[in-house]
Amino acid sequence: MKTFDGNSPYSHQYQMRVSNYEEDLKSSNISLDEIKKLRCTDFTFQQEEKSLIFTEVKNFIEKHEFLQRLSLYPTHFFTARYKGILAGVVIMDMPSAFSKILGEGTRKIERLISRGACISWSPKNLASALISFSIKWMVKNTRFRLFTAYSDSEAKELGTIYQACSFYYLGKKSGSGYQYKTEADRWVSDRYFRSRSVYKKIAKKLNVVWDAEWQNGDVVHFDKMPEDIAIAIKTASKDYQNSCEKRKIEPKHKYAFVLGVNKQETKKLRKIYVERNGILPYPKERGK
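Just so it is clear, the model here is predicted, and its values are computed rather than measured.

What counts, and where the lines are drawn
- Residues numbered from 1 in each chain as written.
- Predicted model: local features only at pLDDT ≥ 70, side-chain atom pairs only at ≥ 80, totals over all residues.
- Heavy atoms only, no water.
- Pairing = 2+ DSSP bridges.
- Helix = DSSP H or I, 4+ residues; strand = E, 2+ residues; numbered from the N terminus.
- Salt bridge = Lys/Arg side-chain N within 4 Å of Asp/Glu carboxyl O.
- Buried < 20%, exposed > 50% of the residue type's maximum accessible area, 1.4 Å probe, protein only.
- Expected span 1.5 Å × (residues − 1).
- Core = buried A, V, L, I, M, F, W, Y, C linked by side-chain atoms within 4.5 Å.
- Contact = heavy atoms within 4.5 Å.
- pLDDT = per-residue confidence, 0-100.

(A) Fine view of the pairing of strand β7 (residues 178–181). Of the strand pairs in this sheet, β7 and strand β11 (residues 245–248) are connected by four bridges, and their pairing is antiparallel. Paired with Tyr-180 across the two strands is Lys-246, which belongs to β11. Taken together, the two bridges between β7 and strand β8 (residues 187–188) define a ladder with antiparallel strand orientation. Looking at β8, one finds that Lys-181 is bridged to Trp-187. Between the end of β7 and the start of β8, which pair antiparallel, lie five residues, with Asp-185 showing a positive phi angle near 65°.

Right under this line is the structure:
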């Protein structure tokens, strides 16, 4: 697990990029002259089946993304490759909490950009190009039209990439407010304790045999469990959370991008967004 210099003026993500540079050059076997000439058009962008590249993406995120771990509920994986080398990843997730940014039906059309990273020698605008590709693919191939993202002010992030992609800014007021330290020495949000993996571990400790019908992918259906088992698992999860060391954290910056399948839908949805949320100026000062 890499650590970061809290006194550095640079974000944790940029520090990660710098620290990986020499190793990335060596392992990729690409000359400096070739790297200097790279453009985004030299890369292949694609949506890939999660089950087929899960381990590859997991290893990439652990090395190149400052949080160094996958998100809890990934649904779509997007990649940028150069000569077959994985050079960029964007992951879409179910939102940690569904919003009403576009009204009551927002939850049906919202996806969270939960993780994203590029290899250190990639062109600086590869990340924004991959995000743009990912959103357009989602709009063309799925029902989703609203894409939210967070920037961690404690990691000195501003959301520069989202600003470059012309996202709307929703302010610095998002996040759970607290993190919890697990026995693995990891700081996690309260959402962690409501994840399928934690529920299954708790069930095992309670000597409860997990029924496959209790879950659909990463979603746990407590209504399909016997009532006494559901109560026991939920109670144990809350007890687990309360037993962990807790720390207060800064709110995160939140961004949103709205895109319809055509100009008419885009115009309609963006009008709804502006009427409900207004247009806020982008932040310019990094967290301390």
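(B) Inspection of the pattern of salt bridges at higher detail. Using the criterion set out here, one finds 11 salt bridges in the structure. The partner of Lys-63 in a salt bridge is Glu-23, and the shortest N-O contact between them spans 3.4 Å. Of the two residues, Lys-63 sits in helix α3 (residues 50–64) while Glu-23 sits in helix α1 (residues 12–28), which places them 40 residues apart along the sequence. Judged by relative accessible area, Glu-23 falls into the partly exposed class, the value being 48%. The residue Lys-172 makes a salt bridge to Glu-250 at a minimum N-O spacing of 2.6 Å. Highlighted residues: Lys-172 in strand β6 (residues 168–174) and Glu-250 in the loop between β11 and β12 (252–258), separated in sequence by 78 residues. Judged by its relative accessible area of 27%, Glu-250 is partly exposed. Bridged by salt links that share partners, the residues Glu-23, Asp-24 and Lys-63 form one connected network.

(C) α1, seen in detail. Along its 17 residues, α1 runs 23 Å from first to last C-alpha, staying within 8% of the 24 Å computed at 1.5 Å per residue. When α1 is considered as a whole, its buried residues turn out to be His-12, Gln-13, Gln-15, Met-16, Asn-20, Asp-24, Leu-25 and Ser-28. In the stretch just after α1, Asn-29 is the one whose phi turns positive, near 55°.

(D) Here's a closer look at the sheet that holds β7. Taken in spatial order, the three strands line up as β8-β7-β11 in an open sheet, and their pairing is antiparallel. Among the strands making up the open sheet, the edge pair consists of β8 and β11.

(E) Highlighting the nonpolar core. Judged by nonpolar contacts, the single largest core of 43 residues is most densely connected at Val-57, Ile-113, Trp-121, Ile-131, Ile-135, Phe-147 and Phe-167. Elements with a contribution of two residues or more to this core: α3, β2 (74–82), β3 (85–93), β4 (110–118), α4 (126–141), β5 (146–151) and β12. At seven residues, the largest contribution of residues to this core is made by α4. The contacts of Ile-135, once residues within four sequence positions are left out, are Met-92, Ile-113, Phe-147, Phe-167, Phe-257 and Leu-259. Counting residues in each nonpolar core, the second largest holds 19 residues, with Trp-214, Ile-229, Ala-230 and Ile-233 among its members.

(F) Up close: the confidence of the model for the chain. For the chain, the mean per-residue pLDDT works out to 91, and 98% of the residues sit at or above 70. Across the chain, the secondary-structure element scoring lowest on mean pLDDT is β8, at 82, and the one scoring highest is α4, at 98.

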